[in-house]
Amino acid sequence: AHPRSPSPALSIPPLRVRLLPAPGPAPRPGSQLPCFALGPPRWTGSSPLSSVVNAAISFPPLFAAMKKGAKRVLMQTAEKKGVPWADAVRDADTPEARARLQARFEAIEDPSVVNPAYYLAPFHAYDTGNLSWLAAVEAAPATDVMALRVFPGEPELNAEAAQARMRASIIGAIAAYGPHPADVRDILDIGCSVGVSTRYLREYYAGFGCGEGETPREVNVTGLDLSPYMLAVAADRLGDEEYRWVHGAAEAAPFGDAAFDVISLQFVVHELPLEATRAILREAWRICRPGGCVAVVDNNPASPVIRNLPPVLFTLMKSTEPYSDQYYLMELEKEFEDAGFVVETSAQTDPRHRTVVAVKP
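Just so it is clear, the model here is predicted, and its values are computed rather than measured. (Residues numbered from 1 in each chain as written. Predicted model: local features only at pLDDT ≥ 70, side-chain atom pairs only at ≥ 80, totals over all residues. Heavy atoms only, no water.)

The subject of this paragraph is the overall build of the chain. Of the regular secondary structure elements, the chain holds 13 helices and seven strands. Out of the 361 residues belonging to the chain, those deemed buried represent 55%. In the form shown here, the chain has an accessible surface area of approximately 15,200 Å², with 58% of it arising from carbon and sulfur atoms. (Helix = DSSP H or I, 4+ residues; strand = E, 2+ residues; numbered from the N terminus. Buried < 20%, exposed > 50% of the residue type's maximum accessible area, 1.4 Å probe, protein only. Areas by Shrake-Rupley, 256 points an atom, 1.4 Å probe, with all protein chains shown as cover.)

Another point: the confidence of the model for the chain. Taken residue by residue, the chain gives an average pLDDT of 87. The fraction at 70 or more is 87%. Here residues 1–33 is modelled with pLDDT under 50, and outside its nearest four sequence neighbours on either side it reaches 73 contacts, counting other chains as well. (pLDDT = per-residue confidence, 0-100. Contact = heavy atoms within 4.5 Å.)

Taking strand neighbours across the sheet as the criterion, the seven strands line up as E3-E2-E1-E4-E5-E7-E6 in an open arrangement whose pairing is mixed. A strand with exactly one partner marks an edge of an open sheet, and here the two such strands are strand E3 (244–247) and strand E6 (342–348). For this sheet the average axis-to-axis angle between neighbouring strands, irrespective of direction, equals 15°. The pairing of strand E2 (residues 220–225) with E3 spans four bridges and is parallel. By the bridge assignment for E3, Gly223 is matched with Trp245. Set on the sheet, helix H7 (residues 196–207) makes contact with strand E1 (186–190), E2, E3 and strand E4 (260–266); between it and E1 the angle comes to about 160°. Packed on one face of the sheet, helix H9 (residues 274–287) meets E1, E4 and strand E5 (288–299) and runs near 150° to E5. (Pairing = 2+ DSSP bridges. Axes fitted to C-alpha atoms, helices over the stretch in contact; angles between N-to-C directions.)

Next up on the list: the pairing of E6. Where E6 and strand E7 (residues 353–359) come together, six bridges link them in antiparallel fashion. The partner of Gln348 across the bridge, within E7, is Arg354.

This part takes up the packing of aromatic side chains. Following the criterion strictly, the structure yields 12 aromatic pairs and no others. For the pair Tyr204 and Phe208, a centre-to-centre distance of 6.1 Å together with 50° between the ring planes defines the contact as tilted. Judged by relative accessible area, which is 2%, Tyr204 ranks as buried. Given the relative accessible area of 8%, Phe208 is considered buried. Between the NZ or CZ atom of Arg199 and the centre of the ring of Tyr200, over which it lies, the distance is 4.9 Å. Between Lys360 and the ring centre of Trp285, over which it is positioned, the NZ or CZ distance is 4.6 Å. (Phe/Tyr/Trp six-rings, centres within 6.5 Å; stacked < 30°, edge-to-face > 60°. Lys NZ or Arg CZ within 6 Å of the ring centre and 35° of its normal.)

This paragraph deals with the side chain of Asn299. Note on placement: Asn299 falls in strand E5. Within the local environment of Asn299, its side chain forms a polar contact with the side chain of Tyr328, the two groups lying 3.1 Å apart. (Polar contact = N/O pair within 3.5 Å; in protein donor to acceptor, adjacent residues only side chain to side chain.)

Before going further, it helps to examine the pairing of E5. Of all 12 residues making up E5, nine are buried, and the element is well covered by its neighbours. Both E4 and E5 contribute to a ladder of six bridges, which runs parallel. Residue pairing in the sheet places Leu265 in a bridge with Val296 of E5. For the segment spanning E4, H9 and E5, crossover handedness is right-handed. (Right-handed = clockwise from strand over helix to strand, strands pointing away.)

A general tendency of soluble globular proteins is for nonpolar side chains to be buried together. With 58 residues, the main nonpolar core has Met166, Ile174, Ile187, Val194, Tyr205, Trp245 and Val262 as its most contacted residues. Going through the elements one at a time, helix H3 (85–92), helix H4 (95–108), helix H5 (133–150), helix H6 (159–177), H7, helix H8 (228–238), E5 and E7 are the ones with two or more residues in this core. In this structure Tyr205 touches Ile174, Ala175, Pro181, Val184, Ile187, Arg217, Val219 and Val262, once residues within four positions along its chain are discounted. (Core = buried A, V, L, I, M, F, W, Y, C linked by side-chain atoms within 4.5 Å.)

Before going further, it helps to examine the side chain of His247. Position of His247 relative to the elements: it lies in strand E3. Among the polar contacts made by the side chain of His247, one reaches the main-chain amide nitrogen of Asp110 at a distance of 2.8 Å. Only 3.1 Å separates the side chain of His247 from the backbone oxygen of Leu226, close enough to count as a polar contact. For His247, the contacting residues outside a window of four places in its chain are Ile108, Glu109, Asp110, Val113, Leu224, Asp225, Leu226, Ser227, Pro228 and Leu231.

Evaluated as defined, the whole model comprises 17 salt bridges. Between Arg278 and Glu335 there is a salt bridge, with the nearest N and O atoms lying 2.9 Å from each other. Linking Arg278 in helix H9 with Glu335 in helix H13 (residues 332–338), this pair joins segments that are 57 residues apart in sequence. Taking the relative accessible area as the measure of exposure, Arg278 reaches 29% and is therefore partly exposed. One salt bridge connects Glu333 with Arg354, and the closest N-O pair in it is separated by 3.5 Å. Separated by 21 residues along the polypeptide, Glu333 in helix H13 and Arg354 in strand E7 bring together distant segments of the chain. There is no split in this pair, since Glu333 and Arg354 are both buried. Overlapping salt bridges bring together Asp87, Arg90 and Asp91 as one network. (Salt bridge = Lys/Arg side-chain N within 4 Å of Asp/Glu carboxyl O.)

It is worth spelling out H3 at this point. Given 3.6 residues per turn, any residue in an α-helix points the same way as the ones three and four places further on. Among the residues of H3, those classed as buried are Trp85, Ala88 and Ala92. Down the axis of H3, the sector holding all buried residues measures 65°, keeping them to one side. (Arc of directions from axis to C-beta.)

And the structure:
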């Protein structure tokens, strides 16, 4: 591993440029259990259990109830753990906030972007997926709940601490197996949503090697997403001086060849059909610099937590993730290799998730 030495408009904790906690030594690639070696979880694919769940989801009245149930689980966790879910919705629903967000939307939206068919499917309990203001406004609190659910045995842990721990382990793997952090200047966060992952990437790489009170390093950080609603909220939360927010499809990224040192896809691939994942990895190869890396962070098929989800939870999850079977049946490391990358590590970076880091030779 390498040695590591403005308030938002919406109701979100202030940002601070800081060096994230240094992760421990990263395991070497050879010590990792291949995620595909155990096979997919029993509730995916064409298994009898999966077939029953998929049949239930295909029944519209039951599907509608499941979507509501999945969102209710998240909101109940938010309420118990002090995540300001309702506050986020209320703060965005004022005349001033609506006008501000609409202005951001109009500045960011590229009318020439054509949404792929898969992106128009209902997911995350929203009929229009990520293409709505409600989905965008609720994305940050939902992401906080997701981080809290990674560490269920620590009731004293708050959302900010859970996010910091989860993201530090992710970025630790990227920093250990990708280009040296001091050499990283250009970063792309694909599927950036409202900028939660984008913020942590910038804070780590801008703060690398900087002591407290020192001027951060200059890094160029771009967030790419298909939802102008998400990007508008991201710009409202984080501003556009230290970040560039781009509306576009990762399968046809609007960037030149060899433009980035680090490319990140955090909690994106499980939302994609297999062919979209392949197309995005091919495009990532084009826009990644030699010696740069692409990192995918997502649910770990080998995680005991994921493999042993209770029936209620995996049924609710599948009802809001239409491409989850394709994700769990995919051998991600092989897809990277087929796109031309060298996989440096596929490591479990928290109890639920893995980080796969692949380098372009």
